[in-house]
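# Analysis of the macromolecular model
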Amino acid sequence: MNPTGTDSESAIDLDVDPDSRRPNTPAGAGRGDPSLRLELGLALRSLPPTWPLRTFVAANPLAGFEDRALPDALAEAAEPTGAYGVLAEREYLDLFAAGMIDEDALRRAVHAAVRAPGVEPPGPHDLVIDGTHLSWVDLIVADLLARPPLAVATAPRRQVSSTERAIDEAMSRWAAAYLDPHATWPMPHRARGFWAAWCRLVVHDPTVRALVGDTGLAAIAQLPAAPDDALHALLGRVEGARGDVLRGQLQHLPGWSMAMARGAREGVDLGAPADLVGFVAARLALAVATAERDGRAPTAAVSPEPDADAPQAVASQGDRARLVLHHVGIATPDGATQEAVARLLALVPSQRRAHVWQEALEATAHERLLARLATSPAPPIRSARSDAHLVCCIDPRSEGLRRHLEARGNYTTIGFAGFFGLPVRIQRDGAPTAEPSCPVLVDPRAIVVETDRFDPHWSRRQAREAVANNTLDAVHDAKVAPMSAFALAEAGGWISGVALATRTFRPTAWRRARRRVDRHLAAGITTRMDLDGSAGLGGIGLEDQVLLAESILRTMGLTEGFAPLVVLCGHGSHHTNNPFRAANDCGACGGRRGGVNARVAADVLNRFAVREALSAAGISIPADTWFVAAEHDTASDRVHVFDVDRVPLTHRAGLAALQADLAHAGAALAAERCGELPGAPAALTPVEAAAHVRERAADWAQVVPEWGLMGNHALVIAPRWVTRPHDLGRRVFLHDYEAAQDPDGRVLTTILTGPMVVAHWICSQYRFSTTDPEVFGAGAKPLHNVVAGLGVLEGAGGDLRLGLPLESVRWQGRPVHLPGRLLVVIQAPPERVDRILRENPVLHRLVGGGWVRLVTRSGPDAEWHDHRVSTTEEEH
Amino acid sequence: MRSGLTLMTRIEVVVGREDERLVLDLFEHAGATGFTSVSNVSGAGHGGYHEGRLPFNDRDGLLLMFTVLSPDQADPLIEALRNLFENRPGVMFVTDAYVSRPAYFDQALAP
């Protein structure tokens, strides 16, 4: 049975992906144990959510802990994950010296840490020493600022024994073999599930045989054939609560565990069914076998090797007190004074120091932004019609393009979700599958085909493409086949050498040549978005088009005052040789480029029938307004406009002028960005900068083609006039919102439950990839080995790495991204915000639990203030 | 009118959408042959009011899901769901249901 959505306000038929609800159990696995499945499913929640690399979606690695307040979640997640959510103390000291942390913010953070709710009175007191009054806050701050920093006891890092590492290496190889959808030699028996295949084949693995011996292999052979039964039997031989044991097994290989829970179900290949139970059973079987080989209980702690980075000697409290007193000018303190100061310093235990710094870092960034937003002048009374509207994604990088374009002329820009409110899958004509082009929060509800069948040259293009594809397939097959690879190298190696040299030393020329080839293959071909399903697949009915159009315009706040040109501008990042390219594409489009969504939205909004229906609903689009789709390439800051041939002749001059201004704005933006890009020449003119970023994007050796969403730390939900006067440094998400146009709060509800959640995920991903790169980051790009589109390994083995690569958040060992919580700034009546928080548990959880900081004001004459909610224990 | 009908157990849950996959897994491994699911339900309960359909967010909505299975198959599922609701928000209703084609709901009864 298919699920049916019922909602009196929406008539959109659900065409949800049936695969998402279709059982994906291995053939012949039989019924399982619901209680065991439940415990494993709950244990899986402690792992970071992940998606395949080609659709990289930023997510909060601690999403499984969001039902707790953030401080509790950090404390609880620390032991199983080994992550703490904070930088090293010396890094905070460096940031303080660089002016990124205000001393006032540090003092407030100290105050909050010491006088936290629940701290028993009487609390700390100031000291009077030799007639000098010393504030207790000053003394603790002096301790934090002491240079060189004294060695302090840090939180112990999670240690893994060499035995556990060997088990993880073996399981990593088996998981890679099982899940690879493009294996030249597919793993035998894998259609029966991981457990069945592994049990049959592990006897042939010499590494495992060396690990567990013949006795261990014999014991594994005796385990039940059904994975649930096998895991049940193994758990019976291990001490400890089942949930704890399962969580412990998953935490050894979180990346592979998440991939195994998904299985290889993308596309049409279901050759590797999801079998997390079998994977955990296999790892536990090895753990039990090695424990029995060593004569110890399976869950007995294996002494890890000592942490080489741990400080060998930790400064005593007395040392710290003496240093602090010396800092405030008391060179020879007596014993009683020293003791009093030592007691004060103990109010911030060693393991809390970095957290105090982190609060100060975050508060500095937040307060600086709020101070600037408080100075925005009152909105002007606009009389002249804009020459064009530019609607961009809320992505922080769009802020730069908007700012530079607004400076060039009579333009109005709007921030809106980059998928333009379209819950669609996009299928390129001839492609085997349709890919979701909307946030992972949203179920796609329709398929739209991008087709070239309307073009008279379609058949010629098909023929050329067939030749090209067959040639490439033949070369690929020759490369991977054992004998023909040598012959191919002999025959064509010199061609590859020339290509290699060109690509390395003349990347821009290489890219131009590639584009010439692509244009030749598709010469004169234009594509269309098939809204009506004429290609025999998908389509969106007229009634649904009208509903979508109304939703789009009302949510973006554009219901009147339409400019002659309204440009819906998606974004994507066009660069080369980057497995994490999707991380730089549009998160609102599920890690894809947003241009196609813009094309669909523009098509819908240009339709006469849709405009007629919108007019009846109170939104009158002038007859001389034309919607145009475009895509901002965030690597080169060029803006490509689609479907220019369909723009009315009356609008061509205006479009040409806009395109010229977009080119200038892009070049100016490139010059701005070059000031921060590592290795970029200094003081480039816009023309030089534009050339530099294009070369950078074409350079396959470039590990930082752009900075992506580095620096993101806030989401402003307010009219554009609040943010327009300020250069926000491409570090703030911007969603336009006019409270007066949203009396019932539906638009604000949509923004908070959709774009805000996505922004929180992105901000959290960047935070934890920066603070805990070993746990929640993907390591260094030059060491990456891509595994079949699933993810990357750093080096030859180990776990699939999670999160962002080092080069997205750090450079030369220092953090470039400043980690912190998302600051959400809303200009709206506070009672409306209260009601929305009450009615939406996800918001109550995120705001009440302190995962995001919410600041509101009712209007331009009010002050920004923190908006708090009460936390609740249960949601039902 | 109940003659000729077979007594089964109907288990109905209201859960957050993010738990849908987990609940379906439990249904499947308890031996249920099918299920029905209604998306974007709204309502009020112990934790307050819950909005129905969120235009830009299907993940944080509520689902009503139910399945029908034989009483002996139902017990392990009920136990698992009870444990689920000790950790996750949601409610469960267990009722008797009479069906005319029992083989549809219990493969053991298939001819």
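From a predicted model like this one, the values you see are computed outputs, not experimental measurements.

Below, the discussion takes up the overall build of chain A. What chain A contains, in helices and strands, is 32 helices and 21 strands. Residues classed as buried in chain A amount to 54% of the 876 residues present. Put simply, 73% of the contacts in chain A that link residues at least 6 apart link residues at least 24 apart. Summed over all atoms, the accessible surface of chain A reaches about 37400 Å², with 55% contributed by carbon and sulfur.

The next point concerns the sheet that holds strand E8 (residues 446–451) of chain A. Whether parallel or antiparallel, the strands of a sheet pair through hydrogen bonds between backbone atoms. Residues and elements named next belong to chain A. Spatially, the four strands line up as an open sheet ordered E7-E6-E8-E9, and their pairing is mixed. Either end of the sheet is taken by a strand with one partner, and the two such strands are strand E7 (435–436) and strand E9 (528–530). As judged from the five bridges shared by strand E6 (residues 424–428) and E8, these two strands associate in the parallel manner. Opposite Arg428, over in E8, you have Glu450 as the bridge partner. Packing against the sheet, helix H22 (residues 595–606) makes contact with E6, E8 and E9, and its axis sits at approximately 70° to E9.

Taken together, the contacts link 47 residues of chain A with 46 residues of chain B. Both sides together, the interface formed by chain A and chain B hides about 4200 Å², and carbon and sulfur atoms give 53% of it. Scanning the region where chain A abuts chain B turns up five salt bridges. Across the chain A-chain B interface, the total number found is nine residue pairs in polar contact (both at pLDDT 80 or more). Where the side of chain A that touches chain B is concerned, the elements lending two or more residues are strand E1 (4–5), helix H1 (34–44), helix H27 (746–753), helix H28 (755–771), helix H31 (830–839) and helix H32 (841–848) of chain A. With six residues, H1 of chain A is the largest single contributor of residues to the side of chain A that touches chain B.

Moving on to empty space enclosed by the protein. All names here are of chain A. In this structure the tally under the stated criterion is twelve cavities of 30 Å³ or more. The volume enclosed by the largest cavity comes to roughly 220 Å³. Along its surface, the largest cavity is lined by 22 residues, and Thr50, Trp51, Arg801, Leu802 and Gly803 are the ones closest to its centre. Secondary structure elements with two or more residues in the lining of the largest cavity: helix H11 (254–262) and strand E16 (791–794). With three residues, H11 is the largest single contributor of residues to the lining of the largest cavity. Classifying every residue of the lining of the largest cavity by side-chain character gives 15 nonpolar, five polar and two charged.

Once that is clear, we can look at the packing of helix H6 (residues 162–179) of chain A against helix H12 (residues 276–294) of chain A. A pair of packed helices is captured by two measures, namely the crossing angle of their axes and the spacing between those axes. All names here are of chain A. Here H6 crosses H12 at 150°, and the two axes come no closer than 10 Å. Overall, the two elements H6 and H12 adopt an arrangement that is roughly antiparallel. Here the hand of the crossing between H6 and H12 comes out right-handed. For the pair H6 and H12, contact is made by Thr163, Glu164, Ile167, Asp168, Met171 and Ala175 and by Phe279, Ala282, Arg283, Leu286, Ala287, Thr290 and Arg293, respectively. Residues belonging to the contact of H6 with H12 are distributed by class as follows: seven nonpolar, two polar and four charged.

A word on the nonpolar core. Residue and element names in this part refer to chain A. Core analysis: the biggest nonpolar cluster contains 108 residues, and Leu568, Phe627, Ile717, Leu748, Leu752, Val824 and Ile826 have the highest contact counts within it. The element contributing the most residues to this core is H28, with nine residues. With residues near it in sequence (within four places) discarded, Leu568 still touches Val391, Phe420, Met556, Ala598, Ala601, Ala602, Leu605, Phe627, Val628, Ala629 and Ala630. In terms of nonpolar packing, the next biggest core, distinct from the first, is built from 55 residues, Leu201, Leu223, Val238 and Val277 among them.

This brings us to the pairing of strand E5 (residues 62–69) of chain B. All names here are of chain B. Burial runs high along E5: six of the eight residues are buried. Across eight bridges, the pairing between strand E1 (residues 6–16) and E5 is antiparallel. Residue pairing in the sheet places Val14 in a bridge with Leu64 of E5. Of the pairings in the sheet, the one linking strand E2 (residues 36–41) to E5 comprises four bridges and is antiparallel in character. Among the inter-strand pairings, Val38 is bridged to a residue of E5, identified as Leu64.

Moving on, we come to the sheet that holds strand E20 (residues 852–857) of chain A. Residues and elements named next belong to chain A. Taken in spatial order, the five strands line up as E14-E13-E19-E20-E21 in an open sheet, and their pairing is mixed. This sheet does not close on itself; its edge strands, each paired only once, are strand E14 (732–736) and strand E21 (865–866). Two strands pair when backbone bridges link them, and strand E19 (residues 822–827) and E20 are joined in this way by six bridges, in the parallel orientation. Note that in E20 the partner of Ile826 across the bridge is Thr856.

Together, Trp494, Ile495 and Val498 of chain A line one region of the surface with nonpolar side chains, adding up to about 360 Å² of accessible area. Relative to the helices and strands, Trp494 of chain A resides in helix H18 (residues 484–505).

So, on to the confidence of the model for chain B. Looking at chain B, pLDDT values average 88 and 95% of them are 70 or higher. Quick note on the complex model: pTM equals 0.89, ipTM equals 0.88.

Residue and element names in this part refer to chain A. Checked against the element boundaries, Asp585 lands in the loop between helix H21 (581–584) and H22. Since its relative accessible area comes to 2%, Asp585 is described here as buried. Only 2.7 Å separates the side chain of Asp585 from the backbone nitrogen of Ser573, close enough to count as a polar contact. Residue contacts for Asp585: discarding those within four places in its chain leaves Arg397, His571, Gly572, Ser573, Gly591, Arg592 and Arg593.

Our focus in this paragraph is helix H3 (residues 89–97) of chain A. Residue and element names in this part refer to chain A. Within H3, burial applies to Glu89, Glu91, Tyr92, Leu93 and Leu95. Contacts from the buried residues of H3 go to helix H5 (136–144), helix H15 (350–373), strand E17 (810–811) and strand E18 (814–815). Within two residues after H3, Gly99 carries a phi angle of roughly 85°, on the positive side.

This part covers the pattern of salt bridges. According to the stated counting rule, one finds 62 salt bridges over all chains in the structure shown. The closest approach of N and O atoms between Arg247 of chain A and Asp244 of chain A, which form a salt bridge, is 2.8 Å. Here the residue Arg247 of chain A and the residue Asp244 of chain A both occupy positions in helix H10 (residues 242–252), the gap between them amounting to three residues, near one helical turn. The class of Arg247 of chain A is partly exposed, set by a relative accessible area of 31%. A residue is classified by how much of its surface remains accessible, and Asp244 of chain A, at 48% relative accessible area, is partly exposed. Residues joined by salt bridges that share partners form a network here, namely Arg45 and Arg845 of chain A together with Glu18, Asp19, Arg59, Asp60 and Arg88 of chain B.

This next bit is on the packing of helix H20 (residues 542–556) of chain A against helix H23 (residues 608–616) of chain A. Residue and element names in this part refer to chain A. At their nearest, the axes of H20 and H23 sit 9 Å apart, and the two run at 60° to each other. Considering their axes alone, H20 and H23 lie oblique with respect to each other. Judged by the sense of rotation from one axis to the other, the crossing of H20 with H23 is right-handed. Within the contact between the two elements, H20 uses Leu542, Gln545, Val546, Ala549, Glu550 and Leu553 and H23 uses Ala609, Val610, Ala613 and Leu614. Classifying every residue of the contact of H20 with H23 gives eight nonpolar, one polar and one charged.

Residues and elements named next belong to chain A. Examined against the element boundaries, Ser46 turns out to sit in the loop between H1 and helix H2 (70–81). Here the side chain of Ser46 touches Ala43 through a polar contact of 2.7 Å, landing on its backbone oxygen. In contact with Ser46, other than residues within four places in its own chain, are Phe65, Arg247 and Gln251.

Let us look at the confidence of the model for chain A. Residue and element names in this part refer to chain A. Residue-level pLDDT values for chain A average 85, and 86% of them are 70 or greater. A low-confidence stretch, residues 300–306 stays under pLDDT 50, and its non-local contacts, those more than four residues away or across chains, total twelve contacts. In this model residues 871–876 is a low-confidence stretch, pLDDT under 50, and it forms 20 contacts with partners more than four residues away in sequence or in other chains.

Another point: helix H7 (residues 194–201) of chain A. Since there are 3.6 residues in each turn of an α-helix, residues three or four apart along the chain are aligned in direction. Residue and element names in this part refer to chain A. With six of its eight residues buried, H7 lies for the most part within the structure. Taken residue by residue, H7 has Phe194, Trp195, Ala196, Ala197, Trp198 and Leu201 as its buried positions. Against H6, helix H8 (206–221), helix H9 (227–235), H11 and H12 lie the buried residues of H7.

About the cut-offs
- Residues numbered from 1 in each chain as written.
- Chains lettered and ligands numbered in written order.
- Predicted model: local features only at pLDDT ≥ 70, side-chain atom pairs only at ≥ 80, totals over all residues.
- Heavy atoms only, no water.
- Helix = DSSP H or I, 4+ residues; strand = E, 2+ residues; numbered from the N terminus.
- Buried < 20%, exposed > 50% of the residue type's maximum accessible area, 1.4 Å probe, protein only.
- Contact = heavy atoms within 4.5 Å.
- Areas by Shrake-Rupley, 256 points an atom, 1.4 Å probe, with all protein chains shown as cover.
- Pairing = 2+ DSSP bridges.
- Axes fitted to C-alpha atoms, helices over the stretch in contact; angles between N-to-C directions.
- Buried area = accessible area lost by both parts, 1.4 Å probe.
- Salt bridge = Lys/Arg side-chain N within 4 Å of Asp/Glu carboxyl O.
- Polar contact = N/O pair within 3.5 Å; in protein donor to acceptor, adjacent residues only side chain to side chain.
- 1 Å grid on protein atoms, 1.4 Å probe; cavity = no way out; pocket = protein on both sides within 12 Å on 5 of 7 lines; lining within 4 Å.
- Points joined across faces, edges and corners; volume = space filled by probe spheres on them.
- Nonpolar A, V, L, I, M, F, W, Y, C, P; charged D, E, K, R; others polar.
- Parallel < 35°, antiparallel > 145°, perpendicular 65-115°, else oblique.
- Left-handed = near helix turned anticlockwise from the far one by under 90°.
- Core = buried A, V, L, I, M, F, W, Y, C linked by side-chain atoms within 4.5 Å.
- Patch = residues over 30% accessible without salt bridge, like charges linked within 9 Å, V, L, I, M, F, W, Y side chains within 5 Å.
- pLDDT = per-residue confidence, 0-100.

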